[in-house]
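# Coordinate analysis (summary)
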Amino acid sequence: MKVAFIGLGVMGYPMAGHLAKSGHQVCVYNRNQAKAEQWQAEYAGTIASTPALAVIDCDIAFCCVGNDDDVRQVALGKDGIFSGLPKSSIFIDHTTASAELARELAEIADEQDKFFLDAPVSGGQAGAENGVLTVMVGGDEAIFAKAQPVMAAFARFSQLMGPVGSGQLAKMVNQICFVNTVQGLAEGLNFAQKAGLDTDKLLDTIGKGAAGSWQMDNRGKTMCAREFDFGFAVDWVRKDLAIAFEEAAKLGADLTVTKQLDGYYQEIQENGGNRWDTSSLISRFEK
Ligand SMILES: NC(=O)c1ccc[n+]([C@@H]2O[C@H](COP(=O)([O-])OP(=O)(O)OC[C@H]3O[C@@H](n4cnc5c(N)ncnc54)[C@H](OP(=O)(O)O)[C@@H]3O)[C@@H](O)[C@H]2O)c1
């Protein structure tokens, strides 16, 4: 297929790379063009100077930028994805954004005889690099069926959750569950270190039981060593939680504890940890 990828960040760069390695014809766009040139030196593909030019003859346009405003900037306007995307082509947004934006973009797509899927991902930088992301998708079933085999280049699992916006709603649930898991792990490991337990043995043991989790397997050791200079940034999780709080207010869903954790992440930002991995919640016990 002819595909385009807009946004070559921590996630987009390897995702676009997997598409190229799977044999698709890929054209990429990145705001900072040096990164697009670096991508082109590493993978087979072309680069474009605007999102509109990148998607001009593609079957599927992928996008993975920062937040709602960033998606609007790359999607709308005369240089945006919609102005270049051919009729009947599919725009898949992998950015973690609001369900409201997804519905807005789907409406624009519909007016132009194009298709839109909201498709936020989970699995982090390692998941993107290893091509094993999980994708939560909102949109039309027939369009998802066309997109799924292409997304398989970078995803181990993708699931249509329901109508447009449902992918973003599922991602909100993912973020709510994951920050609560991280805080539980932070409290447990801080307790373990104060108790003088061998944390390597501990993680190896309780990781096999009912308290085991992805966070425990992948972040337990680095949390004990207070290493946070990698992974999924605190700035991003606060952006994601803000989206979830807005939706929760509309739904009347109680997020009391998650709001407390958001306050903890704010403290970490105030101490300079904006780009630290979200497992840095354990650093709060040092104060
Ligand atoms: N990192 C993770 O572990 C992870 C996991 C799951 C989901 N996500 C989500 O995936 C998305 C991307 O995350 P990331 O870690 O890849 O972020 P990132 O490394 O900061 O990359 C962001 C990308 O978007 C581009 N961009 C941002 N704003 C733009 C704008 N207004 N116009 C044009 N391009 C713009 C950036 O271009 P420049 O290079 O020019 O700045 C860059 O290519 C976010 O929504 C994030 O929440 C991230």
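Let me begin by describing the structure that accompanies this report.

Calculation notes
Residues numbered from 1 in each chain as written. Predicted model: local features only at pLDDT ≥ 70, side-chain atom pairs only at ≥ 80, totals over all residues. Heavy atoms only, no water. 1 Å grid on protein atoms, 1.4 Å probe; cavity = no way out; pocket = protein on both sides within 12 Å on 5 of 7 lines; lining within 4 Å. Points joined across faces, edges and corners; volume = space filled by probe spheres on them. Helix = DSSP H or I, 4+ residues; strand = E, 2+ residues; numbered from the N terminus. Salt bridge = Lys/Arg side-chain N within 4 Å of Asp/Glu carboxyl O. Buried < 20%, exposed > 50% of the residue type's maximum accessible area, 1.4 Å probe, protein only. Contact = heavy atoms within 4.5 Å. Patch = residues over 30% accessible without salt bridge, like charges linked within 9 Å, V, L, I, M, F, W, Y side chains within 5 Å. Areas by Shrake-Rupley, 256 points an atom, 1.4 Å probe, with all protein chains shown as cover. Lys, Arg positive; Asp, Glu negative; His and termini not counted. Charge placed at Lys NZ, Arg CZ, Asp CG, Glu CD. Near = heavy atom within 4 Å. Polar contact = N/O pair within 3.5 Å; in protein donor to acceptor, adjacent residues only side chain to side chain. Axes fitted to C-alpha atoms, helices over the stretch in contact; angles between N-to-C directions. Parallel < 35°, antiparallel > 145°, perpendicular 65-115°, else oblique. Left-handed = near helix turned anticlockwise from the far one by under 90°. Core = buried A, V, L, I, M, F, W, Y, C linked by side-chain atoms within 4.5 Å. Disulfide = S-S within 2.5 Å. Phe/Tyr/Trp six-rings, centres within 6.5 Å; stacked < 30°, edge-to-face > 60°. Lys NZ or Arg CZ within 6 Å of the ring centre and 35° of its normal.

### Description of the layout of surface pockets
The calculated volume of the second largest pocket comes to roughly 190 Å³. Around the second largest pocket sit 15 residues that line it, and Asp 68, Ser 98, Glu 100, Ile 243 and Glu 246 are the ones nearest its centre. Elements with a contribution of two residues or more to the lining of the second largest pocket: α4 (68–75), α6 (99–111) and α12 (234–251). It is α12 that provides the largest number of residues to the lining of the second largest pocket, a total of six residues.

### Observations concerning the pattern of salt bridges
Counted under the stated rule, the structure contains 12 salt bridges. Note that Lys 78 is salt-bridged to Asp 79, the shortest N-O span being 3.6 Å. Among the residues examined, Lys 78 registers a relative accessible area of 70% and is labelled exposed. Accessibility expressed as a relative area gives 38% for Asp 79, which makes it partly exposed. A single salt-bridge network, built from bridges that share partners, covers Asp 69, Arg 72 and Glu 104.

### Quick notes on the side chain of Thr 258
For Thr 258, the location among the structural elements is in helix α13 (residues 256–270). Here Thr 258 is in contact with Ile 176, Val 179, Asn 180, Leu 241 and Phe 245, once residues within four sequence places are set aside.

### Focus on a negative patch on the surface
Taken together, the side chains of Glu 107, Asp 110, Glu 111 and Asp 113 make up a negatively charged region of the molecular surface. Among the structural elements, Asp 113 can be located in the loop between α6 and β6 (115–118).

### Notes on the site of the ligand
Surrounding the ligand, one finds 25 residues, the nearest of these being Asn 30, Lys 35, Gly 66, Gln 73 and Lys 239. Within the backbone of Gly 9, one N or O atom sits 3.2 Å away from an oxygen atom of the ligand. For the ligand, whose unbound accessible area comes to 890 Å², protein coverage reaches 90%. Every element with two or more residues in the shell around the ligand is listed here: α4, α7 (124–129) and α12.

### A closer look at the packing of α12 against α13
How two helices sit against one another is set out by the angle between their axes and by the gap between those axes. Interhelical geometry of α12 versus α13 gives an angle of 150° and a closest axis separation of 10 Å. Taken together, the axes of α12 and α13 lie roughly antiparallel to each other. Viewed along their axes, α12 and α13 form a crossing whose handedness is left-handed. Here Val 234, Asp 235, Val 237, Arg 238, Leu 241 and Phe 245 of α12 come into contact with α13, specifically with Thr 258, Lys 259, Asp 262, Tyr 265, Gln 266, Ile 268 and Gln 269.

### Overview of the nonpolar core
Core analysis: the largest hydrophobic core is formed by 34 residues, its most contacted members being Phe 5, Leu 19, Trp 39, Phe 62, Ile 92 and Met 151. Broken down by secondary-structure element, the contributors of at least two residues to this core are β1 (2–6), α1 (12–21), β2 (25–29), α2 (33–42), β4 (60–63), β5 (90–93), β8 (133–138) and α8 (141–151). Contacts of Leu 19, omitting those with residues within four sequence positions, involve Val 3, Phe 5, His 24, Val 26, Phe 62, Val 150, Ala 153 and Phe 154.

### A closer look at the state of the cysteines
Tallying each qualifying case throughout the model produces zero disulfides. Left without a disulfide partner, Cys 27 is nearest to the cysteine sulfur of Cys 58, which lies 8.6 Å away. On the basis of relative accessible area, Cys 27 is assigned to the buried category, the value being 13%.

### Some points on the packing of aromatic side chains
The tally for this structure, following the rule as stated, stands at eight aromatic pairs. Look at Phe 5 and Phe 62: their rings are 5.8 Å apart centre to centre, the planes differ by 15°, and that puts the pair in the stacked class. In this pair, Phe 5 is assigned in strand β1 and Phe 62 in strand β4, connecting sequence segments 57 residues apart. Every member of this aromatic cluster is reached through a ring pair, and the members are Phe 5, Phe 62 and Phe 154. Its end group placed over the ring of Phe 245, Lys 259 keeps NZ or CZ at 5.4 Å from the ring centre.

Take it as geometry only, folks, not as evidence of what the structure does.
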